[in-house]
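# Summary of structural features
Next come the chains, spelled out residue by residue.
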Amino acid sequence: MAATDTHQAIETVFRIEQARLIAGLTRLVRDVGLAEELAQDALVAALAAWPKIGVPERPGAWLMATAKRRAIDQFRRERMRAEKHAEISRDLVAETEGPAAIEAALDDEVGDELLGLIFVACHPVLSREARAALTLRLIGGLTTGEIGRAFLTPEPTIAQRIVRAKKTLGKSGLAYEVPRGEARQERLGSVLEVIYLIFNEGYAATAGEDLIRPALCAEARRLGAILAGLAPEEPEVFGLVALMDIQASRFAARVAADGSLVPLTLQNRASWDRLLIRRGLAALDRAEALGGVGGPYALQAALAACHARAPRAEDTDWRRIAGLYETLRKVMPSPVVDLNRAIAHSMAFGPEAGLTLLPALEAEGTLRDYAPLWAAKGDFLFRAGRMPEAKAAFEQAGNLSRNAPEKAFLLGRADSCGD
């Protein structure tokens, strides 16, 4: 294998193992920032060693063992005398370094280390924005640029939040574990938000050559399922699980054979995953049975269910969808919800109805550089027969998009408007 191919394989393995690696190291060293540094050190070691020895059979265990040895060396070198660090060092040295033992430790069930790390990252000691940014960085493996686009926030601001959050957690003395009782309830809303943001980045990647990242969505769904097991009476947990399952059911239809985007209205619904839809609808029933019909995630799942239940695009109950968005914007007000409300109104009542709702969003300014706003405007104008304006809007959307398939789709729509 060529050196470049080996390096690419190593980076792919690291991206897959990164979150589990940081989670396991955080439990051991009680410091998120240090855990991330040790994970990066292990990657550097892999880049040096694996081209010579090949990728190990258990790459995650190799990376963990290497990172732990670096931690031991660092604690010894710095001669930490504090009781906390002495205890950590003893624990690290005492643990078996065999790959099987390390893999077993990483595969904790109820005390899932990834979920524990999310709860730590979502601790109230951090601001809401910092919680989500830090978790997306550590668990989702997203870059600061991708997180910035998810939050509609400049990248330097996100980077500063993450640095400050790590320092705050490092000084807090928190236990790196899944909280119980009131402490878990206190942080549940933030955890749900972060898990869904991770899923959403996988469902509609904000940058890169891939339209979707199924592995990221699968990780979010796995964490959601674990959380549902830990909080079986929480309706919003099941609302989120329902939402993710129903949306994930469309993966096979969202991307054409050539990698291009297929919009919802043109997707082959026969290729939607009916098992995932049934699971999602069952989770939605559970959320509603627990009294969560008006929760933000249950409402979004109900919106997704409107599409899942329509055998054809033209059978979609857009009036119900418009009504659900009216409720959602009261429960979870945001510019993005208002944009989706405008889209629903355009489908239910005609493109002019959607166009009347856009000026307020444009004047507000938050979505000025948000590609979906211009894509929606282009679609409304296109359906209204205002081709020159539609072309300009689609071109603006394409120029703002940083995802290659999405950009190609939007510029293709611009071309379809003619000259």
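These remarks concern the structure in this document. (Residues numbered from 1 in each chain as written. Predicted model: local features only at pLDDT ≥ 70, side-chain atom pairs only at ≥ 80, totals over all residues. Heavy atoms only, no water.)

### As for the side chain of Ser401
Here is the rule: For the purposes of this entry, the term helix denotes a DSSP run of H or I that reaches at least four residues, the term strand denotes a run of E that reaches at least two, and both are numbered from the N terminus. Categorising residues by exposure relies on relative accessible area from a 1.4 Å probe, with only protein chains included: less than 20% of the type maximum marks a residue as buried, more than 50% marks it as exposed, and the intermediate range marks it as partly exposed. Working rule for contacts: check all heavy atoms of both residues, and any pair within 4.5 Å makes them a contact.
The topology assignment puts Ser401 in the loop between α20 (387-400) and β2 (402-403). For Ser401, a relative accessible area of 4% puts it in the buried group. Excluding anything up to four places from it in sequence, Ser401 contacts Ala371, Glu406, Lys407 and Leu410.

### A look at the packing of aromatic side chains
Between two aromatic rings, the relevant description is the distance of the centres plus the angle of the planes. Basically, it comes down to this: Here a Phe, Tyr or Trp ring, Trp counted by its six-membered ring, pairs with any other such ring whose centre lies within 6.5 Å, and the pair is stacked when the planes are under 30 degrees apart, edge-to-face when over 60, and tilted otherwise. Note on criteria: charge over ring means Lys NZ or Arg CZ within 6 Å of the ring centre, with the direction from the centre no more than 35 degrees off the ring normal.
In the structure shown here, the tally under the stated rule is five aromatic pairs. Centroid distance Trp50 to Trp62: 5.2 Å. Interplanar angle 70 degrees. Geometry classified as edge-to-face. In this pair, Trp50 is assigned in helix α2 (residues 32-53) and Trp62 in helix α3 (residues 59-78), connecting sequence segments 12 residues apart. For the ring pair Phe199 and Tyr203, a centre distance of 5.9 Å and an interplane angle of 15 degrees mean the geometry is stacked. Here Tyr203 and Phe199 lie together in helix α10 (residues 181-203), a separation of four residues that amounts to about one turn. Aromatic rings pair up to connect Tyr196, Phe199, Tyr203, Phe251 and Tyr297 into one cluster. The lysine or arginine in question, Arg286, covers the ring of Phe238, its NZ or CZ lying 5.4 Å from the ring centre.

### Here we look at the layout of surface pockets
The cut-off we apply is this: The method works on a 1 Å grid over the protein atoms by themselves. A cavity is a set of points holding a 1.4 Å probe that cannot get out, a pocket is an open set with protein on both sides within 12 Å along at least five of seven lines, and residues with an atom within 4 Å of a point line them. Grid points are joined across faces, edges and corners, and a volume is the space filled by probe spheres set on the points. Three classes are used, and their members are as follows: Ala, Val, Leu, Ile, Met, Phe, Trp, Tyr, Cys and Pro are nonpolar, Asp, Glu, Lys and Arg are charged, and the others, Gly among them, are polar.
By volume, the second largest pocket is sized at about 420 Å³. Taken together, 21 residues form the lining of the second largest pocket, with Arg15, Ile16, Ala215, Leu216 and Glu219 sitting closest to its centre. Secondary-structure elements contributing two or more residues to the lining of the second largest pocket are α1 (3-29) and α11 (214-230). When residues of the lining of the second largest pocket are assigned to their parent elements, the largest contribution, seven residues, is made by α1. Residues that form the lining of the second largest pocket fall into these classes: 10 nonpolar, four polar and seven charged.

### Let's talk about helix α18 (residues 351-364)
Condition: Every helix has an expected span of 1.5 Å times one less than the residues it contains. Throughout, the bend at a residue refers to the angle made by two axes, fitted to the seven residues ending there and to the seven starting there.
Spanning 14 residues, α18 covers 21 Å between terminal C-alpha atoms, matching the ideal 20 Å at 1.5 Å per step. Leu358 marks the point of greatest bend in α18, at about 25 degrees, and the proline Pro359 comes within the next four residues. Buried within α18 are the following residues: Pro351, Gly354, Leu355, Leu358 and Leu361. Looking at the packing, one finds that the buried side of α18 touches α17 (335-349) and α19 (371-383). Gly365 lies just past α18 and shows a positive phi near 95 degrees.

Don't take any of this as a statement about function, it's just geometry.
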